[in-house]
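# Analysis of the macromolecular model
If you want the building blocks of each chain, they are given just below.
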Amino acid sequence: MQKRRVIPGFSLSMGFTITYLSLIILIPLAALFVKAARLGASEWWEILTSPRLIAAAKLTFGASAAAAVVSTIFGLLVTWVLVRYRFPGRRLLDAMVDLPFALPTAVAGITLTAIYAPNGWVGQYLESWGIQAAYNPLGVFIALTFIGFPFVVRTLQPVMEDFGVEYEEAAATLGAGRWIVFWRVIFPMFVPALITGFTLAFARAIGEYGSVIFISGNLPMQTEILPLLVVSKLEQFQYEAAAVIAAGMLMISFVLLFLINLLQRRLNWKNH
Amino acid sequence: MRHCSAISESAWVRRLLIGVAVTIISVFLLLPLAAVFAEAFRKGWEIFLASLHEEAAFSAIKLTLIAAGISVPLNTLFGVSAAWLITKFRFRGRSLLLALIDLPFAVSPVIAGLVWVLLFGAKGWFGPWLELHDIRIIFALPGIVIATMFVTFPFVARELIPLMETQGSDQEEAAIILGASGWQVFFRVTLPNIKWGLLYGVLLCNARAMGEFGAVSVVSGHIRGETNTLPLHVEVLYNEYQFSAAFACATLLAFLALVTLGIKSAVEHLTGHQSSNHQ
């Protein structure tokens, strides 16, 4: 299918793109997997089943999943309000949704800690109910919800904006109440976007570092997350162990990314 | 404004939902932002200004500007080149390339730093060779730059690809047929069409480059006055319990975030275009 190309620059852009991609992304990532593969299966097993790693993995995946669920619920509600209703301050609210994307994670980390610490703006009220947020798994969950929330809104928003009112009108004409219309007609249309948003939030949360390490307290076995464990292995010059944990995290992230792509592709087929 | 009740909620349900959404955003997003400024000014203006007027803060700001000044233009060049390749041509492996460009989004910042330590660190692949030739990459500026490049890699490309895909290449083809050279087409036809998207991508790339923490923290070594970027300087101050100073420096980064969001909203308003960027 050799076709003559009208537009120039194929070789130049191909050469530069592939070279740059290889140097900055592919070769370094390959080096990581090679480093990890140098260890035998028994050493992998030993690293991946150490109690400290299992505790960190439980906290990371548990808090990430919980945060992604809450982000999804909040995200659905906020997106609905932003898309369907008109009220003063809506544009400001819409712009603010991106704050966690734009705010450097270290800043998010220290300010969330300041708010949820026992003497902080929110922390003091939680404290009087006997809840300690900062330096606890709850703090990790709060930071990850902050980070994950915009993913759900920004995934759902375009879908909701394109969703016409015809279906709702049809359902309403057929006698369905508003509540039924929402759950039976509107909500099912948003499920794929919600799943995608959830997965993006979850995947981001697993690797999140800056916003979590200040609020978590970083106690091994209790409030230590996986990325921090990688850093501490590195600081003890255990390069192989760090590479093994990182390789494991990467494989999980890639599987999640792959699942999202699969879901998006199936949806595109449906639409055409 | 009258609403047809069949396809809308009753007024009180609407008010309730708006109230809940405003509460979520206020408590979850605005409160932390307000806290940055409140903590920074807690001990007054003098302390705030003194914290910024410090040698270590100056060198951190300088290093942040240098790192972003190198990595953002390079990633912009890459973004334009990748977007040109992907939207103007059809070739085998095109969708694989698209997926690979997104790859850094799936990589934890810590791992983005780790890969460079494994390559260039004292015990890394090229470590002994670098030591022999007295070249420092890890715990020095080059490491900070390459780690920043890794994390900010996809931003410009992600912004340009959907934009250039929808614009098609009819105009470019017409220009070529009329006798324009490749570079003329790019600068006279393509660039004016994509300028807002490009600006926007560069802006997001820059915000992330200046604010990056995890990846840079792994490769920097935290040498005060030498290899601390602004986010790392904030961390160091915070860990030394100099909270007011930490938050004073954090206000600079928060301000950068607000400016980024402001320009983003303005560009969206001007062009009616929504970001496809998710990080």
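Just above, that's the structure.
In this report, the structure presented in the accompanying data block is examined. (Residues numbered from 1 in each chain as written. Chains lettered and ligands numbered in written order. Predicted model: local features only at pLDDT ≥ 70, side-chain atom pairs only at ≥ 80, totals over all residues. Heavy atoms only, no water.)

### Observations regarding the interface of chain A and chain B
Rule in force here: Should any heavy atoms of two residues lie within 4.5 Å, those residues are counted as being in contact. Throughout, the accessible surface (probe 1.4 Å) given up by two parts as they are put together, summed over both, is called the buried area. The rule for a salt bridge is simple: a side-chain nitrogen of Lys or Arg has to be within 4 Å of a carboxyl oxygen of Asp or Glu. By the criterion applied in these results, polar contacts are pairs of N or O atoms within 3.5 Å in which, for protein atoms, one can donate a hydrogen and the other can accept it, and in which residues neighboring in sequence qualify only through two side-chain atoms. Starting at the N terminus, helices and strands are each numbered in turn, a helix being any DSSP run of H or I of at least four residues and a strand any DSSP run of E of at least two.
On the chain B side, the residues contacting the 90 residues of chain A number 91 residues. When chain A packs against chain B, close to 8300 Å² is buried across both sides, 80% of that on carbon and sulfur atoms. At the boundary of chain A and chain B, one finds one salt bridge. Asp98(A) is the salt-bridge partner of Lys264(B), the closest N and O atoms lying 2.4 Å from each other. Applying the counting rule to chain A against chain B returns ten residue pairs in polar contact (both at pLDDT 80 or more). Tallying contributions element by element places helix α1 (residues 10-37) of chain A first for the side of chain A that touches chain B, with 19 residues.

### Thoughts on helix α12 (residues 230-239) of chain B
Inclusion rule: Residue exposure (1.4 Å probe, protein chains only): buried if accessible area is under 20% of the type maximum, exposed if over 50%, otherwise partly exposed.
For α12(B), the tally of buried residues reaches nine of ten residues, placing the bulk of the element in the interior. Looking only at α12(B), the buried set comprises Leu230(B), Pro231(B), Leu232(B), His233(B), Val234(B), Glu235(B), Val236(B), Leu237(B) and Tyr238(B). Check the buried side of α12(B) and you find it contacts α6 (105-116) and α11 (210-216) of chain A together with α3 (55-88), α10 (182-211), α11 (214-220) and α13 (243-271) of chain B. The first or second residue beyond α12(B) is Tyr241(B), which carries a positive phi of 65 degrees.

### Details of the pattern of salt bridges
Per the stated rule, a full pass over the model turns up 14 salt bridges over all chains. Taking the shortest distance from any N to any O, the salt bridge between Glu168(A) and Arg178(A) comes out at 3.1 Å. Taken together, the residues Glu168(A) in helix α9 (residues 166-173) and Arg178(A) in helix α10 (residues 178-207) connect sequence positions ten residues apart. Residue class for Arg178(A) comes out buried when judged on its relative accessible area of 17%. A network of salt bridges, in which partner residues are shared, links Asp94(A), Asp98(A), Arg154(A), Lys264(B) and Glu268(B).

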